[in-house]
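Below are the chains, spelled out letter by letter.
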Amino acid sequence: MPYVPADDRYARMTYRRCGRSGLLLPAISLGLWHNFGEDTPHATKRAIVQTAFDAGITHFDLANNYGPPPGAAETAFGEILRTDLRGYRDELVISSKAGYLMWRGPYGEWGSRKYLLASCDASLKRLGLDHLDIFYSHRFDPDTPLEETMGALDTIVRSGRALYAGISSYNSERTREAAAILADLGTPCLIHQPSYNMINRWVERDGLKDTLAELGIGSIAFTPLAQGMLTAKYLGGIPEGSRATQGKSLRQEFLNPRAVDNIRALNAIAGRRGQTLAQMAIAWVLRDNGITSALIGASRPSQITDCVGAIANLDFTADELAGINTYANEEDINLWARSSEE
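A few points on the structure. (Residues numbered from 1 in each chain as written. Predicted model: local features only at pLDDT ≥ 70, side-chain atom pairs only at ≥ 80, totals over all residues. Heavy atoms only, no water.)

### Here we look at helix H2 (residues 72-82)
In terms of burial, H2 is largely enclosed, as eight of its eleven residues are buried. Among all positions in H2, only Ala72, Ala73, Glu74, Ala76, Phe77, Gly78, Ile80 and Leu81 are buried. (Buried < 20%, exposed > 50% of the residue type's maximum accessible area, 1.4 Å probe, protein only. Helix = DSSP H or I, 4+ residues; strand = E, 2+ residues; numbered from the N terminus.)

Now the structure itself:
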């Protein structure tokens, strides 16, 4: 049977203004970093996307190198756009990024104009689109003039390849510099995508949240669940087949006894709030409107349903926040620290 989206999908989601722009983003967005490569059945990918759209998730976030192999996630999502989401393009916000290794040779990563423009064109081809809604510089490049990287984003927007420009994992100082360059070019920086969760709080220490609020730049936090650490999945050990066993980005040493004990205590606080740990972790990221959207990933549709339940309770009492702070100790899990510390 052809997929027909839920009629009440927009009543199920909260939408927030992205900085000072006219763009509204769902409070929860779906990222395709994992589980959209060739190692996942296409039927599973379709079910995940369908469940997300039925829940009012309109923003789907990719990058050129998502897979495996690199580019596979964009190819898979492009197929879903042609089938299940055909006719709904204007109801979607689709983003992609470039900055990490995509192809061999000196022009296949970082922030040069050559790499960013070629990457954007290749992403559009894989997705089967004539434009993206947002295109990001995926990471700060210390060896390329920032004027060149931002100039490439400006060209991408002015040429119609994307509607908005964004940056990811830039620290507060570099964000100010990038935003100023883009403003001078006439292409405002719409959004910043940092890693942020209860046990990775660098955006608070760095002052990035305050900088974004001051500059009127929106924000979308990736890894709000710390790659699954802030769920109940690992409280009883490391399950076979989980991300921690796959040798990818979630390292088993992150799940040390101290960290697991603290996560177990956070799980108890979530239970007293009538939420799952995942729901509380997302609500915490979205608290006080400091973050526009929480960018989740999923390996099965039920995880999306659970995460979307977070929006039913985004408020915290002072006692709850104090209790969370007791156990939300920052762990050394920020894989993107190099970019944010340059």
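Now that the structure has been shown, the text picks up again.
### Considerations on the packing of helix H8 (residues 257-272) against helix H11 (residues 318-327)
At their nearest, the axes of H8 and H11 sit 9 Å apart, and the two run at 165° to each other. Overall, the two elements H8 and H11 adopt an arrangement that is roughly antiparallel. Considering only the axes of H8 and H11, their crossing is left-handed. Touching Asn262, Ala265, Leu266 and Ile269 of H8 are Gly323, Ile324 and Tyr327, all from H11. For the contact of H8 with H11, a count of residues per class yields five nonpolar, two polar and no charged. (Axes fitted to C-alpha atoms, helices over the stretch in contact; angles between N-to-C directions. Parallel < 35°, antiparallel > 145°, perpendicular 65-115°, else oblique. Left-handed = near helix turned anticlockwise from the far one by under 90°. Contact = heavy atoms within 4.5 Å. Nonpolar A, V, L, I, M, F, W, Y, C, P; charged D, E, K, R; others polar.)

### What about the layout of surface pockets?
A volume near 250 Å³ is recorded for the second largest pocket. Pro188, Cys189, Leu190, Gly216 and Ile217 are, among the 17 residues lining the second largest pocket, the residues nearest its centre. Where the lining of the second largest pocket is concerned, the elements lending two or more residues are strand E7 (162-168), helix H5 (172-185) and strand E8 (189-193). When grouped by side-chain class, the residues that make up the lining of the second largest pocket number twelve nonpolar, three polar and two charged. (1 Å grid on protein atoms, 1.4 Å probe; cavity = no way out; pocket = protein on both sides within 12 Å on 5 of 7 lines; lining within 4 Å. Points joined across faces, edges and corners; volume = space filled by probe spheres on them.)

### Remarks on helix H1 (residues 42-54)
In this model H1 runs 18 Å from its N-terminal to its C-terminal C-alpha over 13 residues, within 8% of the 18 Å that 1.5 Å per residue would give. Buried within H1 we find Lys45, Ile48, Val49, Ala52 and Phe53. All buried residues of H1 project into a common sector of 125° when viewed along the axis, lining one side. Once H1 finishes, Gly56 follows within two positions and takes phi at roughly 90°, a positive value. (Expected span 1.5 Å × (residues − 1). Arc of directions from axis to C-beta.)

### Quick word on the side chain of Arg89
Structurally, Arg89 can be placed in the loop between H2 and strand E5 (93-98). At 3.2 Å, the side chain of Arg89 forms a polar contact with the backbone oxygen of His131. (Polar contact = N/O pair within 3.5 Å; in protein donor to acceptor, adjacent residues only side chain to side chain.)

### Some thoughts on the packing of H5 against helix H7 (residues 208-215)
For any two helices packed against each other, one specifies the inter-axial angle together with the distance between the axes. Running from N to C, H5 and H7 point in directions that differ by 20°, and their axes come no closer than 9 Å. Taken together, the axis directions place H5 and H7 in an arrangement best described as roughly parallel. Our pair here, H5 against H7, has a crossing hand that is right-handed. Between H5, through Ser172, Thr175, Arg176 and Ala179, and H7, the contact on the second element is made entirely by Leu208, Thr211, Leu212, Glu214 and Leu215. The residue makeup of the contact of H5 with H7, split by class, is four nonpolar, three polar and two charged.

### Observations regarding the nonpolar core
One finds Phe77 and Met198 to be the most contacted residues of the largest nonpolar core, which totals 91 residues. Counting residues per element, this core draws most heavily on helix H9 (residues 277-286), at nine residues. Each residue touching Met198, except ones within four places of it in the same chain, is listed here: Leu230, Leu266, Leu277, Met280, Ala281, Trp284, Ile324 and Ala328. Formed by twelve residues, the second largest nonpolar core is a distinct cluster that contains Leu23, Ile191, Ile220 and Trp336. (Core = buried A, V, L, I, M, F, W, Y, C linked by side-chain atoms within 4.5 Å.)

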